[in-house]
Amino acid sequence: MAAELSSSLLSRAIIGVSCDNIGCDNRKRLNVRLSFLPSRRLLPASCKMRQRNLSSQHKRQHVKKASPDQIPTTGDQLNSDEDSEPENSIPESVSSLNHEIMHEDNVDTSSVGADLDDEPKLSSLAVPSVDSSIYANHVDEQNMGSTVVPTSESKINGERIDEQSLSTLIVPAVTNSLAINGDSGEQLSGVQLEDLIGMIKNAERNILLLNQARVHALEDLRKILGEKKALQGEINILEMRLAEADARIKVASQEKIHVELLEDQLEKLHNELIHKGSSARTELETLENQTFSNEEAIMAHDGHVHALSKEVETLRVENLALKNDILALKTLLGNVQNTDDRIVILEKERSFFEYSLKDLESKLLVSREDVSKLSNLKSECKDLWAKVENLQLLLDKATKQADQAILVLQQNQELRKKVDKLEESLGEANVYKLSSEKMQHYSELMQQKIKLLEERLQKSDDDILSYVQLYQESIKEFQDTLDSLKEESKKRALDEPVDNMPWEFWSRLLLFIDGWLLEDKISTSDAEMLRKMVWKRDRRIYEAYMACKEKNERETISTFLRMTSSPTSPGLHIIHIAAEMAPVAKVGGLGDVVTGLGKALQKRGHLVEIILPKYDCMQYDRIRDLRVLDTMVESYFDGKLFENKVWVGTVEGLPVYFIEPHHPGKFFWRGQFYGEHDDFKRFSFFSRAALQLLLQADKKPDIIHCHDWQTAFVAPLYWDLYAPKGLNSARVCFTCHNFEYQGTEPASELASCGLDVYQLNRPDRMQDNSALDRVNPVKGAIVFSNVVTTVSPTYAQEVRTAEGGRGLHSTLNFHSKKFFGILNGIDTDAWNPATDSFLEVQYSVNDLQGKAENKSAIRRRLGLSSTDDRQPLVGCITRLVPQKGMHLIRHAIYRTLELGGQFVLLGSSPVAHIQREFEGIAHQFQNHDHIRLILKYDESLSHSIYAASDMFIIPSIFEPCGLTQMIAMRYGSIPIARKTGGLNDSVFDVDDDTIPLQFRNGYTFMTPDEKGVNSALERAFDCYHNNNESWQQLVCKDMNMDFSWESSASQYEELYAKSVARARAAASRA
């Protein structure tokens, strides 16, 4: 403990000050390097510092070389403020040492004090080297002029010395004082300058050492006071314990005396018992010898013996208790003896602590003396620094000159090296010059040879070119001759009859034609023309028959009818008058049909134009070159003439006319396409204005094609009002896309557009079949049009029934000869996964990896779970109306979830209660991992859903055509559809053996109930999970199926051509 409590000043050693001679232009340079040792842990008080001879008669120490090993340094900061602390402030500062100084190192103040006492003449600058390591800043030679005396705030860091800094020196004490002034300083010899610098450095180190000694002494004093207080507390505790031990000893001694008394009493009782026992035996023997003379005496004797036995027993018990007490007292006495020993030890420690305290107090007095000496050193240091400043100026001049000399020498050496390199290069250049002369001569020879070769090559090229030209001319002549021969051969083949076929072949053809005529499948004029071709054995009809061997009867008839019109006749002029056109004004499938059919007919060489209302809510950015014409079209309505502004532009490459009525009702400035209270007026006005535009523009179209009830007014208006005015070149085609919507209104409303209500409100014209006081625009179009179509063959059959016709079945059956069902197509340019700009990744049937990436993208976009890549995604894009099977869509959502799939619905409803119902479902699944409902229409999102879906459900109650199933297959999504309308004409069940294998492309169900949906969904999920190869084959098959407008457009083209041909034949006969 004495070793732990003792404290001493840390020994710090200044290692070496050496002066190395460096030869540079025969001049000596001063190089000082300071090396530092880390602080050592404190040593016991018995350890003495190495004695120094600090007398003023010491000899100059010999120059020592610095150790090559790097000595580690610490980053401790020594804070000393000599100027701000007077000597008399030391006692008062002791109480604040707890928060002023937090060093771990203890300083042996006695050792430092001894060293300082051995030095009688500090003021004479005879300062020895002190064996204590200090931290000092390494001073750069070129910055010596900026060195200042370190203050209490200066940080003494152990940084590496620059190679050009001062080397380590040990400067000996100087016995004689030097008087240095500014005037004589320049004349100092080199030795005197070296000695003076050493003295100044040594004085600075001594000051730093004393500052450290003072700091460590104050720290040790604080620790001693703390230890003293702790020891005093321990002594007080030990004194209390000692007093308790003394009290216990007294109690134990009293108990010991009491035990001794009890032992004496026990011994007496024992003797008495023995004595009484012997007397009892004597009496017993006497009584045995006697004849028991008296019985009372015997009984008394027995009672006396019994009492003695009890008394003996009692004494035994007391004896055992006393033994136990004695054992306890012995144990207590042993503890007391141990306590006595501990008290002795504590007494020794207390005496030792008192001795240590006295020793520390003596050390504190010594440290105070050191502090007083330190104040004297401060004043001396100030004088020394004044001298240092003067010496520093001299040193700066000397170092600058030395540096300049070194730089000059280095530059000379570099120049010498460059000269040597130039000499070597010059030698190599001479060698190269000789070789280059030879190479130049050789090069001249080679150039002459190359020139000769080039001349020969040019001559041969000219010859080859002339041969090639001759060959090309001959080839061209041969090709022209061959083409002319081919043309002549074709002409002769067409003109010449086919002689290699038997007459039975031509007879069979004649029978076919006569049969078609009798069945009213072709007209008389068409039959007559075909007969003539058969009679002439025309090669065209032969080739047409051979091409139609594997086609059905309808396709064969259409192929034959194409030959009845002149093959050199120009294309047809077709004008569509409609309320929608994708993508500028789209609500449903009507807009897609107008654009898709128009583009397909345009590609087939026909002139196609579109007339639309100019809605305020159109996507004007999809119209190119939109401009207004400098003319007005006046149309009649409500007994007045109203002006209409006409705009023109192109949409998807088709020319479009936009009619903007200047009517006070602002018919097409309502912010929506349909759903207004006066839709009948709006679109009857538009229909008449469109016909007025054709009349005023003097157009002579071949076909006017109107769509749905909104433009069904065109047919009666054309024949009743405009044909008599000269607009009579066209045939009218009407397409009803959905017989659910017929636009019936009171008959009086029809008069607004100028039609005769009395003439048209009749059962055979426009009178509604269900209400005699109402007119039906769709019925009027059926009656007045030359050709009536709907959007699929199956739907054409369904609407001719009472259930599907919505009241028009009788009218359709009456006009069945001009009523056809043609399946719609899709725009394969707009719906193409290989070029679709809305998709995250484009893909094709040959690279389906992009489909999986689009599936991951839609999951991220909608916040669906992506943990299972093989989890099937079911898509549904539809208008939420009863026709689409709302209850089946709702059931499909929950059933998909039960089967372990994901479901995405995109669409909205114009019916308020249906919209609210699905908003509730959307809210239920708004944060679900596998279900998402987006109750609006989003064009870009629809493309993404088609591309991401594995399956696509269309559970319609009735569906005239439907385009979603075709688009889904185009994007590799397998359709799950009910067998109705156009779905029945485009989706064929994979498990239906009655369908050829190449046409099976999806999953269908018949009954519009949950059982039917479950059956189709479960079969699709089973194939997806358990037969991946078959599923991938089905995906590829669907993507390769052709649902373009080519086939549909050819059927419309055939209907147009037949109608126009009949009209022309009728006109020629007239």
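Bear in mind the structure is a predicted one, so any value in this text is a computation, not a measurement.

1. So, the packing of aromatic side chains
Right, on to step 1. All chains considered together, the criterion is met by 21 aromatic pairs.
Right, on to step 2. Judged by centre distance (5.0 Å) and plane angle (20°), the ring pair of Y946 and F952 falls under stacked.
Right, on to step 3. Note on Y946: relative accessible area 3%, which makes it buried.
Right, on to step 4. Accessibility expressed as a relative area gives 0% for F952, which makes it buried.
Right, on to step 5. Over the ring of Y1024 we find R870, and its NZ or CZ is 4.2 Å from the ring centre.

2. Looking at the sheet that holds strand 6 (residues 640–651)
Each strand in a sheet pairs with its neighbour through backbone hydrogen bonds, running either in the same direction (parallel) or in the opposite one (antiparallel).
Right, on to step 1. Spatial ordering of the open sheet is given by 5-6-7-4-3-8-9-12-13, a layout of nine strands whose pairing is mixed. In the strand order of this sheet, the two ends are held by strand 5 (624–637) and strand 13 (819–821), each with one partner. Neighbouring strand axes in the sheet, compared pairwise and without regard to direction, differ in orientation by 25° on average.
Right, on to step 2. Alignment of strand 6 against strand 7 (residues 654–661), held across eight bridges, turns out to be antiparallel.

3. Regarding the pattern of salt bridges
Oppositely charged side chains can form a pair if their charged atoms are brought close together.
Right, on to step 1. Applying the stated criterion to the full structure yields 24 salt bridges.
Right, on to step 2. Between R806 and E740 there is a salt bridge, with the nearest N and O atoms lying 2.6 Å from each other. On the criterion of sequence distance, the pair formed by R806 in the loop between helix 16 (793–798) and helix 17 (809–814) and E740 in the loop between strand 9 (731–736) and strand 10 (745–746) is long-range, its members being 66 residues apart.
Right, on to step 3. The closest approach of N and O atoms between R762 and D764, which form a salt bridge, is 3.5 Å.
Right, on to step 4. A relative accessible area of 29% means that R762 is categorised as partly exposed.
Right, on to step 5. Here the residues in one salt-bridge network are K599, E652 and D827, joined through shared partners.

4. Remarks on the nonpolar core
Right, on to step 1. Core analysis: the largest hydrophobic core is formed by 92 residues, its most contacted members being I577, M581, I611, L691, F734, F739 and Y1056.
Right, on to step 2. The biggest single contributor to this core is helix 12 (residues 679–696), with nine residues.
Right, on to step 3. Counting residues in each nonpolar core, the second largest holds 69 residues, with W831, V904, A977 and C1023 among its members.

5. Examining the packing of helix 13 (residues 714–722) against helix 15 (residues 777–784)
Right, on to step 1. Two elements in contact, helix 13 and helix 15, have axes whose closest approach is 7 Å; the angle formed by their N-to-C orientations is 50°. Classified by the angle their axes make, helix 13 and helix 15 are oblique. Taking contact as the criterion, the partners of A715, P716, W719 and D720 in helix 13 are, on helix 15, G780, A781 and F784.

6. Concerning the pairing of strand 8 (residues 703–707)
Right, on to step 1. In terms of burial, strand 8 is a largely internal element, five of the five residues being buried.
Right, on to step 2. Of the two faces of strand 8, the one carrying I703, H705 and H707 and the one carrying I704 and C706 are both buried.
Right, on to step 3. Sheet topology places strand 3 (residues 573–577) next to strand 8; four bridges connect them, and they run parallel. Looking across to strand 8, one finds that I577 is bridged to C706.
Right, on to step 4. Two strands pair when backbone bridges link them, and strand 8 and strand 9 are joined in this way by five bridges, in the parallel orientation. Paired with I703 across the strands is R731, a residue of strand 9.
Right, on to step 5. The handedness of the strand 8 to strand 9 crossover, carried by helix 13, is right-handed.

7. A closer look at the layout of surface pockets
Right, on to step 1. In this model, the second largest pocket occupies a volume close to 1,700 Å³.
Right, on to step 2. Taken together, 48 residues line the second largest pocket, and the ones lying closest to its centre are R554, G821, I822, Q1051 and E1054.
Right, on to step 3. Taken together, the elements giving at least two residues each to the lining of the second largest pocket come down to helix 10 (553–562), helix 16, strand 13, helix 23 (981–986) and helix 26 (1045–1069).
Right, on to step 4. No other element matches helix 26, which puts nine residues into the lining of the second largest pocket.

8. Section: the side chain of S986
Right, on to step 1. By the secondary structure assignment, S986 is in helix 23.
Right, on to step 2. Classification of S986 as buried rests on a relative accessible area of 1%.
Right, on to step 3. At 3.0 Å, the side chain of S986 forms a polar contact with the side chain of Q965.
Right, on to step 4. Setting aside chain neighbours within four positions, we find S986 in contact with L823, Q965, M966, M969, N1001 and F1043.

9. Quick look at the sheet that holds strand 14 (residues 873–877)
Right, on to step 1. Here we have six strands laid out as an open sheet, ordered 16-15-14-17-18-19, and parallel in their pairing. The open sheet has two edge strands, strand 16 (931–934) and strand 19 (1003–1005), and neither has a second partner. Adjacent strand axes in the sheet meet at a mean angle of 15°, parallel and antiparallel pairs treated alike.
Right, on to step 2. Together, strand 14, strand 17 (951–954), strand 18 (974–978) and strand 19 form the strand contacts of helix 24 (residues 1010–1026), whose direction differs from that of strand 19 by roughly 165°.

10. Focus on helix 15
Right, on to step 1. Within helix 15, eight of the eight residues are buried, which leaves it mostly tucked inside the rest of the structure.
Right, on to step 2. Of all the positions in helix 15, only P777, V778, K779, G780, A781, I782, V783 and F784 are classed as buried.
Right, on to step 3. Measuring from the backbone nitrogen of V778 back to the side-chain oxygen at the start of helix 15 gives 3.0 Å, which picks out N776 as the cap.

11. What to know about helix 19 (residues 886–898)
Right, on to step 1. Between its terminal C-alpha atoms helix 19 stretches 19 Å, which fits the 18 Å expected from 13 residues at 1.5 Å a residue.
Right, on to step 2. Turning to helix 19, its buried residues number three or more, namely M886, L888, I889, H891, A892, I893, R895 and T896.
Right, on to step 3. Among the residues trailing helix 19, G900 stands out with phi positive, at a value near 90°.

12. Quick look at the pairing of strand 18
Right, on to step 1. In terms of burial, strand 18 is a largely internal element, five of the five residues being buried.
Right, on to step 2. The two faces of strand 18 match: I974, I976 and R978 on one face and P975 and A977 on the other face are all buried.
Right, on to step 3. Chirality of the crossover, the property in question, places the unit of strand 17, helix 22 (residues 964–970) and strand 18 among those that are right-handed.
Right, on to step 4. Sheet analysis places strand 18 next to strand 19, joined by three bridges and oriented parallel.

13. Side note on unusual backbone geometry
Right, on to step 1. A cis amide bond links A582 to the next residue, P583, at an omega of 0°.
Right, on to step 2. Relative to the elements of secondary structure, P583 occurs in the loop between strand 3 and helix 11 (589–603).
Right, on to step 3. Of note in this structure, E652 is not a glycine but carries a positive phi near 55°.
Right, on to step 4. Positionally, E652 belongs in the loop between strand 6 and strand 7.
Right, on to step 5. Residue R806 is not a glycine yet carries a positive backbone phi of 55°.
Right, on to step 6. Overall, the relative accessible area of 34% leaves R806 in the partly exposed class.

14. Brief notes about the confidence of the model for the chain
Right, on to step 1. Mean pLDDT over the chain works out to 77, with 76% of the residues at or above the 70 mark.
Right, on to step 2. Between residues 1–188, whose pLDDT stays under 50, and residues either more than four places distant or in other chains, the model counts 352 contacts.

15. What about the environment of I954?
Right, on to step 1. Relative to the helices and strands, I954 is located in strand 17.
Right, on to step 2. Its relative accessible area of 7% is what places I954 among the buried residues.
Right, on to step 3. Ignoring anything within four residues of it in the chain, the contact list for I954 reads E959, T964, Q965, P975, I976, A977, R978 and L983.

16. A look at a negative patch on the surface
Right, on to step 1. Residues E260, E263, D264 and E267 make up a contiguous surface patch of negative charge.
Right, on to step 2. Here E263 is to be found in helix 5 (residues 190–289).
Right, on to step 3. Using a relative accessible area of 41% as the deciding quantity, one classes E263 as partly exposed.

Calculation criteria
- Residues numbered from 1 in each chain as written.
- Predicted model: local features only at pLDDT ≥ 70, side-chain atom pairs only at ≥ 80, totals over all residues.
- Heavy atoms only, no water.
- Phe/Tyr/Trp six-rings, centres within 6.5 Å; stacked < 30°, edge-to-face > 60°.
- Buried < 20%, exposed > 50% of the residue type's maximum accessible area, 1.4 Å probe, protein only.
- Lys NZ or Arg CZ within 6 Å of the ring centre and 35° of its normal.
- Pairing = 2+ DSSP bridges.
- Helix = DSSP H or I, 4+ residues; strand = E, 2+ residues; numbered from the N terminus.
- Axes fitted to C-alpha atoms, helices over the stretch in contact; angles between N-to-C directions.
- Salt bridge = Lys/Arg side-chain N within 4 Å of Asp/Glu carboxyl O.
- Core = buried A, V, L, I, M, F, W, Y, C linked by side-chain atoms within 4.5 Å.
- Parallel < 35°, antiparallel > 145°, perpendicular 65-115°, else oblique.
- Contact = heavy atoms within 4.5 Å.
- Right-handed = clockwise from strand over helix to strand, strands pointing away.
- 1 Å grid on protein atoms, 1.4 Å probe; cavity = no way out; pocket = protein on both sides within 12 Å on 5 of 7 lines; lining within 4 Å.
- Points joined across faces, edges and corners; volume = space filled by probe spheres on them.
- Polar contact = N/O pair within 3.5 Å; in protein donor to acceptor, adjacent residues only side chain to side chain.
- Expected span 1.5 Å × (residues − 1).
- pLDDT = per-residue confidence, 0-100.
- Patch = residues over 30% accessible without salt bridge, like charges linked within 9 Å, V, L, I, M, F, W, Y side chains within 5 Å.
- Areas by Shrake-Rupley, 256 points an atom, 1.4 Å probe, with all protein chains shown as cover.
- Lys, Arg positive; Asp, Glu negative; His and termini not counted.
- Charge placed at Lys NZ, Arg CZ, Asp CG, Glu CD.

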